Amino acid sequence: MIADIESLRGVTLETLYDTPEGRLIKSCIQCGTCAGSCPHGEYMEYPPRRIIKMMQLGLLDKVFDSDSMLKCVNCYACMSKCPREIHLTEVLLQLIKEQTIMRLPVVPQELQKALENSYRYGNPMGESGRKRINWMQNLDVPVRILSQNSQPVDVLWFVESYPSYHPRGQDTARAIAKIFNRLNVDFAILGNEEKSAGECGMLSWESGLAESLVDYNMAIFTKYKFNQLVTSDPHALDAFLYRYKMFGFKAKVTHVIPFLWQYFDKLKPMLINKLHYSVTYHDSCCLGRHNGYYEEPREILKAIPGIKITEMVHNRSNSICCGGGGGGMWLDTYFKSQNIERLSDNRIKEAIETGADVLAVACPYEMPRFEDALKVAGYDGKMVVKDITELILESMED
Amino acid sequence: MNILVLLKMVPDVVEELKIGDDFKSLDRDWLRFILSESDEHALEQAIILKEKYGGTVTAVAPDAPELDDALYSALAKGADRAFKIIGEWDIYRSPGLAKVFSRFIEINNIMGEQTLILSGSQAIDDLEGEIVYYLAEFLGLPGCCVVTSVQYNPDSNCITLLKEFSGGLRGEFELSLPAVIGIQAAENPPRYIPIAKIRNIMKTQKIEEIEIPVEGIPNGLTIEKLFEPEVTDRAEILEGTPEEVARKLVEIFSDKGII
Ligand code: SF4
Ligand code: SF4
């Protein structure tokens with residue numbers, strides 16, 4: 001279900017029909033499955049099916065002038081269910097979203113700040129680039145920074161912004177560093193040279209911002225020799241897999257969880273502490289629906305002694321988005337102003353219903369979103385959110 | 001309307017500011033510069049006025065690191081021209097910068113019957129907001145600061161302003177053009193400009209560079225020494241149930257003699 005992204009560079013809505021992708025769009029049978037599977041579908045004046053109809057009628061201006069695509073959280077649900085296999089989320093919706101954002105009379109403040117911050121500081125929270133390695137303070141294992149030691153390395157670990165700056169994300173970053181050390185992974189990071197991969201720009205779709213970050217990171221990559229890139233953020237994984245390729249990026253890329261899966265035989269005997277948790281796992285949209293990593297996270301969790309996994313009603317390809325993608329991370333206030341319930345608040349109810357006491361996640365957006373949702377649901381203290389890597393470490397450490 | 005907006009770059013406080021070895025200036029190693037926040041609002045208000053009443057917007061700023069980014073962004077937002085005044089300006093304080101701007105205006109013969117000059121009402125290195133009043137004085141024009149609303153009446157060539165005072169008081173003023181005003185907040189928050197547009201402007205439009213004679217420009221106050229803020233006692237977070245916290249709070253208040 002992946003579009004031939006490389007050939008789409010520079011494609012606009014005007015030229016889209018002339019591409020193989022456009023021909024696919026023409027094959028839409030107007031079944032409405034996309035709209036029905038969209039978590040925000042009921043709030044969109046123009047869900048994907050109607051967008052395609054409006055496109056056929058030459059009435060896209062009306063779509064741009066509505067805020068429908070601002071409500072798209074890039075969850076890939078429509079795309080994964082479309083019987084015609086139209087790459088809605090990957091191609092068409094992005095292009096519509098870009099025009100929507102450009103024509104908004106006022107961009108919602110939090111989103112505007114996040115985009116401006118990403119452009120200026122290389123992270124959406126507007127933190128100093130110099131503090132990007134602050135998560136390493138008090139870390140008792142070595143982490144090589146390439147600008148200090150530029151010897152070729154096997155794994156370039158692209159930490160990304162939330163693991164670098166958000167307090168709970170930093171916990172995950174430290175857990176990953178410790179696990180990599182235990183597994184003797186030959187790894188290094190870019191440190192303060194790293195800037196956000198730009199996925200928030202791509203998917204909220206801000207192509208200029210995305211390009212400026214791609215240009216920047218690509219130039220940094222050429223300075224160093226590495227065999228593969230591993231990132232702690234599924235959104236960055238998407239950026240590298242599907243957008244950087246348009247700009248000539250060729251390295252092998254994966255996310256920390258599928259990467260650890262490759263080390264499973266070595267990892268498993270190290271999981272010695274019994275954790276008496278009942279765990280439910282939330283499939284991140286980018287990791288699951290978009291890249292098909294459904295079983296790797298579950299197998300790793302199952303290998304931890306004592307852990308019992310219970311599934312939420314919606315799991316794997318039916319998982320419901322936490323609402324953080326596509327710029328949604330910075331649209332909570334906007335959605336609230338329109339009385340749209342936060343998707344994370346919705347999703348947390350499913351998690352609670354499983355009776356689990358740990359919600360396991362693998363995406364750094366989910367940690368703050370679900371921790372917040374637990375407070376909203378009055379479940380603070382009864383269920384905790386942990387990154388899979390934190391659980392691995394808990395089972396490993398003496 | 002002929003709208004002139006005066007901009008200034010200030011240290012970006014996202015980076016921790018450090019005092020340099022001379023104890024008189026900031027350590028330049030990690031210092032970054034950003035357009036002063038109320039200047040952002042002045043620019044936004046200028047563009048809003050142009051959209052409402054027509055005319056042109058000219059953005060002007062003394063040279064500083066990262067100024068080009070700010071000027072290209074001004075062009076992308078809708079400014080018609082952007083000028084960079086070449087030179088080393090960091091030793092100049094507001095009275096000096098006001099002189100620099102007034103010379104710029106005289107040399108370029110910008111002043112006309114329908115000229116409105118806007119700037120931010122204050123900056124982190126000019127909390128008093130002196131620049132607007134100095135400039136008004138140098139140019140012999142009416143001036144008004146801490147403005148939050150501007151309406152223009154083309155028939156009378158006057159602007160009606162709302163000015164904020166402390167305690168929530170507001171005053172309405174009428175000034176005839178030309179005039180100088182300091183903007184506290186624009187009608188709308190500064191708009192978002194897609195980065196693609198800024199990148200495109202960088203390729204297609206030019207920032208005009210201009211020099212002005214510096215003789216006789218006062219640099220205003222001279223900095224003798226900079227100090228870091230003194231660390232005082234940290235806040236204490238009271239833990240416990242609401243009742244326990246309330247009890248502790250009452251104890252603290254009575255210990256301090258407040259109740
Ligand atoms: S699911 Fe696919 S075929 Fe059906 S309406 Fe949506 S885009 Fe068209
Ligand atoms: S990607 Fe998700 S949020 Fe966006 S339109 Fe498709 S189903 Fe809806």
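Here, every reference points to the structure presented above.
Residues numbered from 1 in each chain as written. Chains lettered and ligands numbered in written order. Predicted model: local features only at pLDDT ≥ 70, side-chain atom pairs only at ≥ 80, totals over all residues. Heavy atoms only, no water.

Chemist: Quick one: what's the story with the interface of chain A and chain B, residue by residue and with numbers?
Modeler: With 22 residues of chain A in contact, the opposing surface of chain B contributes 21 residues. Our count for the contact surface shared by chain A and chain B stands at six salt bridges. Here Asp 215 of chain A makes a salt bridge to Arg 199 of chain B, at a shortest N to O gap of 2.9 Å. Our count for the chain A to chain B interface comes out at 13 residue pairs in polar contact (both at pLDDT 80 or more). Elements with a minimum of two residues in the side of chain A that touches chain B: helix H8 (109–121) and helix H12 (207–221) of chain A. Classifying every residue of the side of chain A that touches chain B gives six nonpolar, eight polar and eight charged. (Contact = heavy atoms within 4.5 Å. Salt bridge = Lys/Arg side-chain N within 4 Å of Asp/Glu carboxyl O. Polar contact = N/O pair within 3.5 Å; in protein donor to acceptor, adjacent residues only side chain to side chain. Helix = DSSP H or I, 4+ residues; strand = E, 2+ residues; numbered from the N terminus. Nonpolar A, V, L, I, M, F, W, Y, C, P; charged D, E, K, R; others polar.)

Chemist: Please give an account of the site of ligand 1 that cites residues and values.
Modeler: Residue and element names in this part refer to chain A. Not every one of the 14 residues close to ligand 1 is listed here, only the nearest: Cys 28, Cys 31, Gly 32, Cys 34 and Cys 82. For the shell around ligand 1, the secondary structure elements donating two or more residues are helix H3 (33–37) and helix H4 (48–56). The class makeup of the residues in the shell around ligand 1 is nine nonpolar, three polar and two charged. (Near = heavy atom within 4 Å.)

Chemist: Run through the site of ligand 2, naming residues and quoting values.
Modeler: Residues and elements named next belong to chain A. Surrounding ligand 2, one finds 13 residues, the nearest of these being Cys 38, Cys 72, Val 73, Cys 75 and Cys 78. Contributing elements (two or more residues each) for the shell around ligand 2: helix H6 (77–81) and helix H7 (88–103). Considered class by class, the residues forming the shell around ligand 2 number 11 nonpolar, two polar and no charged.

Chemist: Account for unusual backbone geometry, naming residues and giving values.
Modeler: Here the bond from Leu 177 of chain B into Pro 178 of chain B is cis, since omega is -5 degrees, no more than 30 degrees from zero. Within the secondary structure layout, Pro 178 of chain B lies in the loop between strand S9 (170–176) and strand S10 (179–183). One non-glycine residue, Asn 138 of chain A, lies in the positive phi region at around 65 degrees. Exposure remark for Asn 138 of chain A: the relative accessible area of 80% places this residue in the exposed category. At Asn 157 of chain B, a position not held by glycine, the phi torsion is positive, near 55 degrees. Structurally, Asn 157 of chain B can be placed in the loop between strand S7 (143–153) and strand S8 (158–164). (Buried < 20%, exposed > 50% of the residue type's maximum accessible area, 1.4 Å probe, protein only.)

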